[in-house]
Amino acid sequence: MSTAAPQPKANQGQPEPRIDARLKVTGGARYAADIPLSNLAYGVLVTSDIARGQVRSIDFEAAKATPGVLDIVSYGDMTGIEKPQFGSAYTSLGPLHDRTIWHDGQIMALVVADTFEAAQDAARKVKAEYEEQHPSGHFGSAGTETIPAKGHAQRPKENPSAGDFDGAFQSAPVKLEAEYRTPTQTHNPIELFSTTAYWTGKQLTICEPTQSLYGLRGEIARQFRMDPADVRVIAPYVGGGFGSKGPSTPRTAIVALAARRLNRPVRCVVSREQAYTTMPYRAPTRQRIRIGATPDGKITAFSHEGWELTSRIDNYAVAGTETTTRLYGYGSVASDVQLVKADRQTPAYMRSPPEVPYVFAVESALDELAYKLGMDPVELRRVNDTDREPIHGKPFTSRHLMACYDQAAQAFNWSARNPKPGSMRHGDWLIGMGCATAVYPTHIAPATARVRLRADGDVLVQSASQELGTGIRTVAGQMAAEQLGVSFDKVKVEMGDTELPPAPVSGGSNSTASVCSAVLKACQQIQERLFRAAVASNNGPLAGRNPADLAIRNGALVAKDGAAQKLPDVFALLGAGAVEEYAEFIPDGGPHDAVQKLYQGKLTMTGGPEGKKAKYAYGAEFVEVRINSRTREIRIPRLVGAFAAGRIMNTRTARSQLMGGLIWGMSAALFEATEIDERTARTINRDLQDYFVPVNADVQQVEVILLTEVDHEVNPAGVKGIGELGNVGTNAAVANAVFHATGKRLRQLPIRLEHFVA
Amino acid sequence: MNRFSYVRVASVAEAVREIASAPPARFIAGGTNLVDLMKYNVERPERVIDITRLPLTAIEETGEGGLRIGALVTNTEAAYDPRIESRYPLLSSAILAGASPQLRNAASVGGNLLQRTRCYYFYDVATLCNKREPGSGCPAIDGINRIHAILGASPHCIATHPSDMCVALAALEAVVRVTGPQGERNIPFQDFHRLPGGMPEIDTNLARDEIITYIDLPSKGFAQNYTYLKLRDRLSYAFALVSVAAALEMDGEQIKEARLALGGVAHKPWRDIAAEALLRGREPSAKNFAAVASKVLADAKGYGSNDFKIDLARRAIVRALSQAAARTPQSQTDKRIT
């Protein structure tokens, strides 16, 4: 065991190295745009220079004259193809269906050529004439429209509320009111976005990095009015998604159309700069928090209001109030979410979509309240800890928030902190220490899996889930190895192809719970067949026993008294070389047609506040910041997070996920912002040079503590998703530490050195 | 990028001949900036002249106690050359403060001088830019200008020069040796880069038909009292918001000579000789350093989002001079804080 492979505690799985680790570090793992195809043509997008208006004319003459150019798909070519559907696609905009420009960098054409270079050269020669209108790109811009999210967006169905907030706030002895702002952020997965499409007769194959193979298949089939069975989507590995590859985009149909017109495979790899405008992003927010409390810190009134930017044509809501209103045992609660419609492309999910911006506000406000009350910030959270969520009074399936605080505080040495702002210093460096709560709803979705066990103990697991770097292949394999009593190296896992049984979108941190529950069920079906065969045999060592008393271990069926029968012998009884089982897992309370919907690519994810009991994973994050007293640069030498998230399938991949979350949380706090020029609504920083994310030197000590938590109620696998938990709360922990270091409260991200000079 | 033709030259004379002939061409060495600019469609050369085979890859003694660095020496080779490390540690430090190891391995010393600004608007061909399209306008002045100039800017351009290495070369009073159709000439470093004035499209005083061959370092290297302090958004692969090259020659407790150059604040590495002179014969004190900073920044002007750079530069100058005086140069490799 090592730091990277923590010793498993109770209810934690072995830190098996990733099943694809060697492939990935040697470059052997094949991503969608790496799949070799003969006679491939290359497409390059042409995007708009304006954010609002009409394309009066578009001139392809010079582009068409470029040697190697084969075809140009543009306005008027989408006849017979439906526009994308908001929900399964991130936007309902069909950019080539008409000549209206709704946002900066909108797709106007796809130029296809024999080589990438020729396509790129030709794309640059396309000249558009616009009828330009003045765009509104910001919250404050004239011409935006503000509408309530409720009734206009999918979420929230209701603005969570409880009791009489106004009355309780009025009469509260201690009041806090503050406004917070978070910026636009862009995902920037290292694997660029791409689509490769080819037709074989009437069958379409799409190779595209996606977090939802069946979702993309269903949406593309709908757009082309095809039977989904005639569409295959392949993404063997995905080089990071973070939500950006969850919903489909208008690009896919355009590339597929080009492939059909040319009757040859077409590949379009979107440039980094074009990704900033043809893909979704994290919506900027403005938020207002009001808290009423007693002098001993008990919160009696809590209100959270949010304003979020969205596009003119789609009402995407972040709506983190669904989580923040259930975070503590508030007395009374009010909340509201408003959408501000602007001339931008539609935002969408970005790692912990609702929680990251909204928890920043709440956890900053709690720190402010702690200072107002003269209380320790950890103790303030303890006073307001609860075993029931305050909106409907539902109990949690499990909640170990304060245990996380206690373990993280100890590892961090929180007790050494002098709470007085600006009081701690080392040499030229001001020291600040801050903490915040991490929370993420535990989601689960229907999933299917096929598992095959051979007489020699080899196991094959198949499920069309998506390996984004989360480790889903590894943990699904571990579940099978554990259930079928074989060593992990006997297991092969296949994912990333709609030829396999469907799995849900890799989003909302549901995959481990959902896919492992399906794998578990398939394995249990295999066990049942083997056990029945063994007990039904006339004279075998397990003959006549109760199947419920058997287990599989080390390649044999074993009874409690030690009687055993080796797998090959059981297979001989069955007269089979392999046993294969397909399982459909439907979560408790899921719709009866959940699996049918899954095959159609329609999402039926549940969890969080839904159901009889509320399901959340929690964590506590502690941050140390240093701010140079002379030149004000901000550094983070230490991040400590403790998390309780049910069964941990693999301590290595879990630590890695949570560590990545902490690092991203720090990145969002200090580095990231997509800058939009107010005058043109155009994105200014469109590459990794100007959109800052930390480098190795910026990240120093990161410690992840995995608590033992046993939760039999949350789902059959006992697992709470951790993919998104880690970067919730970190923003606030950093801002709180910055306040402790300097006495300056920053309510807007990112926090940069200019906030500390004159 | 556009289609272009490619020619490789074997001698400086051939390079000069090629650059003077039609159609318009660009030299390519490391390509770390030119290729980016071509990908962004900012540079559209019809011809690219590969100079990587020219015999300009050595670092040699000048005979006057200095060093001559060939224009094709990579940034990495220059930074880790033992003579530069021991005699011109300020230069070594400034180079290591820039870019990333991969970029420094590819980038040439000559090319480092010729990198172009990283102004967002300059890189976005869909926007106006006087540097890219003379006379079209400057959206940075009233736009997002956090990384832009506070000194020596003009109503036509507020871009900054991005190099770290050049800030040290300015402080060290290096000399740029160039060759053109008329033969060789020397350009003092101070005169190599231009202020934008009314012609921001021209970055340097290198003529269109000239090539940089060497950088000469004078004998005085300030190897005892120096620092290169770079303030930026992250600890690698980020251009300076403000950087300071400070070098002192001490005579006991007094400063005999001071050199001070700033990066990230102007269209060229910013050196203020009058401000340096304030330190001559003075003690290295916070008060004296603050007076220098005030003098350097007397005419500084912010444009909105870069207003903070004025105070940041003041703080950086004082801190850098203190580091130089105390012989505690900023480390470019050990970035931990304790």
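The structure presented is a predicted model; accordingly, all values stated were derived computationally and were not measured.

Novice: I keep staring at the overall build of chain B and nothing clicks. Help me out?
Specialist: When you go through chain B residue by residue, the secondary structure sums to 13 helices and twelve strands. Here the C-alpha radius of gyration of chain B, 19 Å, is about what a compact globule of 338 residues would show, namely 20 Å. The principal-axis extents of the C-alpha atoms in chain B amount to approximately 60 × 50 × 40 Å. Out of the 338 residues belonging to chain B, those deemed buried represent 59%. Considering only contacts within chain B whose residues lie at least 6 apart along the sequence, 65% involve residues at least 24 apart.

Novice: I would appreciate a short explanation of the overall build of chain A in the present structure.
Specialist: Assigned secondary structure in chain A consists of 17 helices and 31 strands. Since a compact globule built from 758 residues should have a radius of gyration of about 27 Å, the 27 Å found for chain A is in line with a globular shape. Put simply, chain A has 758 residues, and 65% of those count as buried. Roughly 26200 Å² of accessible area belongs to chain A as shown, and the carbon and sulfur atoms make up 48% of that amount.

Novice: For this particular structure, what's the right way to read the interface of chain A and chain B?
Specialist: The accessible area lost on association of the parts is a frequent measure of interface size. Across the boundary between the two partners, chain A contributes 42 residues, which contact 41 residues of chain B. Of all residues in chain A, the largest losses of buried area upon contact with chain B belong to A:Arg124, A:Arg630 and A:Gln689, amounting jointly to 16% of the total for that side. Where chain A meets chain B, there are four salt bridges. For A:Arg682, the salt bridge goes to B:Asp124, with nearest N and O atoms at 2.6 Å. Where chain A touches chain B, the interface holds 17 residue pairs in polar contact (both at pLDDT 80 or more).

Novice: Which parts of the structure should I look at to understand the domain arrangement of chain B?
Specialist: The domain boundaries assigned to chain B delineate domain 1 (5-53) and domain 2 (225-326). One C-alpha centre belongs to domain 1 of chain B, the other to domain 2 of chain B, and the line joining them spans 36 Å.

Novice: Honestly, the domain arrangement of chain A in this entry has me stumped. Any pointers?
Specialist: Residues and elements named next belong to chain A. The domains assigned to chain A are domain 1 (1-13 + 354-442 + 608-758) and domain 2 (445-494 + 502-603). Its C-alpha centre places domain 1 at a distance of 36 Å from the equivalent point of domain 2. Between domain 1 and domain 2, the contact holds 16 residues from the first and 16 residues from the second. Surface buried jointly by domain 1 and domain 2 totals about 1200 Å² across both partners, of which 60% is contributed by carbon and sulfur atoms.

Novice: Mind showing me how you'd approach the packing of helix 12 (residues 286-296) of chain B against helix 13 (residues 308-325) of chain B here?
Specialist: Relative placement of two packed helices is described by the angle separating their axes and the distance separating the axes. Residues and elements named next belong to chain B. Viewed as axis vectors pointing N to C, helix 12 and helix 13 meet at an angle of 140°, and their least axial separation amounts to 9 Å. For the element pair helix 12 / helix 13, the angle class is oblique. As helix 12 packs across helix 13, the resulting crossing turns out to be right-handed. Contacts between helix 12 and helix 13 involve Phe 289, Ala 290, Val 292, Ala 293 and Val 296 from the first element and Arg 314, Ile 317, Val 318, Leu 321, Ser 322 and Ala 325 from the second. When its residues are assigned to classes, the contact of helix 12 with helix 13 shows nine nonpolar, one polar and one charged.

Novice: Just checking my understanding: could you explain the pairing of strand 2 (residues 53-59) of chain A for this structure?
Specialist: Strand residues, when the strand is regular, have side chains that alternate between the two faces of the sheet. Residues and elements named next belong to chain A. Note that strand 2 and strand 4 (residues 100-101) share two bridges and pair antiparallel. Counterpart to Gly 53 in the pairing with strand 4 is Ile 101. Taken together, the six bridges between strand 2 and strand 6 (residues 127-132) define a ladder with antiparallel strand orientation. Across the sheet, the residue bridging to Asp 59 is Lys 127, located in strand 6.

Novice: Help me out: how do you make sense of the pattern of salt bridges in this one?
Specialist: Side chains that differ in charge, positive against negative, can pair when their charged atoms come close. Throughout the structure, instances matching the rule amount to 74 salt bridges over all chains. When the shortest N-O distance is used, the salt bridge between A:Arg382 and A:Glu379 registers 3.1 Å. Residue A:Arg382 and its partner A:Glu379 are located together in helix 10 (residues 377-383), separated by three residues, close to a single helical turn. Judged by relative accessible area, which is 32%, A:Arg382 ranks as partly exposed. Accessibility expressed as a relative area gives 34% for A:Glu379, which makes it partly exposed. Members of the salt-bridge network, linked through shared partners, are B:Glu173, B:Lys220, B:Glu249, B:Lys256, B:Glu257, B:Arg259, B:Arg271 and B:Glu276.

Novice: Just to check I follow, could you spell out the state of the cysteines for this structure?
Specialist: Cysteine pairs can be linked by a disulfide, which is a covalent bond between their two sulfur atoms. Residues and elements named next belong to chain A. According to the stated counting rule, one finds zero disulfides over all chains in the structure shown. Distance from the sulfur of Cys 435, which forms no disulfide, to the nearest cysteine sulfur (Cys 404) is 13 Å. Look at Cys 435 and you get buried, because its relative accessible area is 1%.

Novice: Mind showing me how you'd approach the packing of helix 16 (residues 651-670) of chain A against helix 17 (residues 730-742) of chain A here?
Specialist: Residues and elements named next belong to chain A. Axis separation between helix 16 and helix 17 bottoms out at 8 Å; the angle between their running directions is 55°. Taken together, the axes of helix 16 and helix 17 are oblique relative to one another. Crossing angle aside, the handedness with which helix 16 passes helix 17 is right-handed. Residues Gly 661, Leu 662, Gly 665, Met 666, Ala 668, Ala 669 and Leu 670 of helix 16 lie in contact with helix 17, whose contacting residues are Thr 730, Asn 731 and Val 734. Residue classes in the contact of helix 16 with helix 17 are distributed as six nonpolar, four polar and no charged.

Novice: Looking at this model, I keep getting lost on empty space enclosed by the protein. Mind explaining?
Specialist: Over the atoms, a rolled probe matching the size of one water molecule traces out where space is still vacant. Under the defined criterion, the tally for this structure stands at eleven cavities of 30 Å³ or more. Here the largest cavity defines a volume of roughly 290 Å³. Taken together, 23 residues make up the lining of the largest cavity; nearest its centre are A:Asp690, A:Phe692, B:Tyr120, B:Ile147 and B:Phe239. Residue classes in the lining of the largest cavity are distributed as nine nonpolar, seven polar and seven charged.

Novice: Explanation requested: helix 14 (residues 567-574) of chain A in the structure shown.
Specialist: Side chains three or four residues apart in an α-helix point the same way, a direct result of the helix having 3.6 residues per turn. Residue and element names in this part refer to chain A. Among all positions of helix 14, only Leu 567, Val 570 and Phe 571 are buried. Buried residues of helix 14, seen end-on, are gathered within an arc of 100° and therefore sit on one face of the element. Buried residues along helix 14 sit against strand 19 (447-454), helix 13 (511-536), strand 23 (556-559), strand 24 (564-566) and strand 25 (578-585). One or two steps after helix 14, the chain reaches Gly 575, where phi turns positive at roughly 65°.

Novice: Please explain the nonpolar core as it appears in this structure.
Specialist: One recurring pattern in soluble globular proteins: nonpolar side chains tend to sit buried together. Residues and elements named next belong to chain A. In this structure, Ile 291, Leu 369, Phe 622, Val 625, Leu 725 and Ile 751 are the most contacted members of the largest nonpolar core, which totals 92 residues. A per-element tally of this core places helix 9 (residues 355-373) first, with ten residues. Residues contacting Leu 725, with those up to four places away along its chain left out, are Ala 438, Val 439, Tyr 440, Ala 617, Tyr 618, Gly 619, Glu 621, Phe 643, Ala 645 and Leu 658.

Novice: I would appreciate a short explanation of the pairing of strand 14 (residues 299-311) of chain A in the present structure.
Specialist: Residue and element names in this part refer to chain A. Burial analysis of strand 14 places eleven of its 13 residues in the buried class, the great majority of the element. The pairing of strand 13 (residues 285-293) with strand 14 spans nine bridges and is antiparallel. Bridging across to strand 14, Ala 293 finds its partner in Ile 299. As consecutive antiparallel partners, strand 13 and strand 14 are separated by five residues, and within that stretch Gly 297 has a phi angle of approximately 100°, a positive value. Pairing geometry for strand 14 and strand 15 (residues 332-342), over eleven bridges, is parallel. By the bridge assignment for strand 15, Gly 306 is matched with Val 337.

Novice: What is the right way to read the sheet that holds strand 1 (residues 5-8) of chain B from this model?
Specialist: All names here are of chain B. Read from one edge of the open sheet, three strands run 1-3-2, paired in parallel fashion. Because the sheet does not close on itself, it has two edges, and the strands there are strand 1 and strand 2 (25-28). Taken over all neighbouring pairs, the strand axes of this sheet differ in orientation by 25° on average, direction set aside. Two elements, strand 2 and strand 3 (residues 47-50), share four bridges in a ladder whose sense is parallel. When the sheet's bridge partners are listed, Arg 26 is paired in strand 3 with Val 48. Sheet strands touched by helix 1 (residues 12-20): strand 1, strand 2 and strand 3. Its angle to strand 2, the strand with the most contacts, is close to 150°.

Novice: Hey, could you run me through helix 5 (residues 89-97) of chain B in this one?
Specialist: All names here are of chain B. Where burial is concerned, most of helix 5 is hidden: nine out of the nine residues are buried. Buried within helix 5 we find Pro 89, Leu 90, Leu 91, Ser 92, Ser 93, Ala 94, Ile 95, Leu 96 and Ala 97. Positive phi appears at Ala 99, one or two residues downstream of helix 5, with a value of about 55°.

Novice: I tried to follow the environment of A:Phe242 on my own but got confused; where do I start?
Specialist: With respect to the element layout, A:Phe242 can be found in the loop between strand 11 (231-234) and helix 6 (251-262). Sequence-distant contacts of A:Phe242, defined by excluding residues within four places in its chain, comprise A:His187, A:Pro189, A:Gln211, A:Tyr349, A:Met350, A:Arg351 and A:Trp664.

Novice: Got a minute to help me understand the packing of aromatic side chains in this structure?
Specialist: Aromatic rings in a pair are described by how distant their centres are and how their planes are angled relative to each other. Residue and element names in this part refer to chain A. Evaluated as defined, the whole model comprises 22 aromatic pairs over all chains. Measuring from centroid to centroid gives 5.9 Å for Tyr 405 and Phe 622, while their planes differ by 75°, and the two rings are edge-to-face. Separated by 217 residues along the polypeptide, Tyr 405 in helix 11 (residues 401-412) and Phe 622 in strand 27 (residues 616-628) bring together distant segments of the chain. Across this residue pair, the class does not change: Tyr 405 and Phe 622 are buried. Each ring, one from Phe 412 and one from Phe 622, has its centre 5.5 Å from the other, and the planes form 40°; the classification is tilted. Separated by 210 residues along the polypeptide, Phe 412 in helix 11 and Phe 622 in strand 27 bring together distant segments of the chain. Given a relative accessible area of 0%, Phe 412 falls into the buried group. Phe 622 gets classed as buried once you look at its relative accessible area, which sits at 0%. The rings of Tyr 405, Phe 412, Trp 414 and Phe 622 are connected pair by pair, giving a single aromatic cluster. In this arrangement the basic side chain of Arg 260 is found over the ring face of Trp 199, its NZ or CZ atom lying 5.6 Å from the centre.

Reading the values: rules and limits
- Residues numbered from 1 in each chain as written.
- Chains lettered and ligands numbered in written order.
- Predicted model: local features only at pLDDT ≥ 70, side-chain atom pairs only at ≥ 80, totals over all residues.
- Heavy atoms only, no water.
- Helix = DSSP H or I, 4+ residues; strand = E, 2+ residues; numbered from the N terminus.
- Rg over C-alpha atoms; globule rule 2.2 N^0.38 Å.
- Buried < 20%, exposed > 50% of the residue type's maximum accessible area, 1.4 Å probe, protein only.
- Contact = heavy atoms within 4.5 Å.
- Areas by Shrake-Rupley, 256 points an atom, 1.4 Å probe, with all protein chains shown as cover.
- Buried area = accessible area lost by both parts, 1.4 Å probe.
- Salt bridge = Lys/Arg side-chain N within 4 Å of Asp/Glu carboxyl O.
- Polar contact = N/O pair within 3.5 Å; in protein donor to acceptor, adjacent residues only side chain to side chain.
- Domains from an automatic or database assignment.
- Axes fitted to C-alpha atoms, helices over the stretch in contact; angles between N-to-C directions.
- Parallel < 35°, antiparallel > 145°, perpendicular 65-115°, else oblique.
- Left-handed = near helix turned anticlockwise from the far one by under 90°.
- Nonpolar A, V, L, I, M, F, W, Y, C, P; charged D, E, K, R; others polar.
- Pairing = 2+ DSSP bridges.
- Disulfide = S-S within 2.5 Å.
- 1 Å grid on protein atoms, 1.4 Å probe; cavity = no way out; pocket = protein on both sides within 12 Å on 5 of 7 lines; lining within 4 Å.
- Points joined across faces, edges and corners; volume = space filled by probe spheres on them.
- Arc of directions from axis to C-beta.
- Core = buried A, V, L, I, M, F, W, Y, C linked by side-chain atoms within 4.5 Å.
- Phe/Tyr/Trp six-rings, centres within 6.5 Å; stacked < 30°, edge-to-face > 60°.
- Lys NZ or Arg CZ within 6 Å of the ring centre and 35° of its normal.

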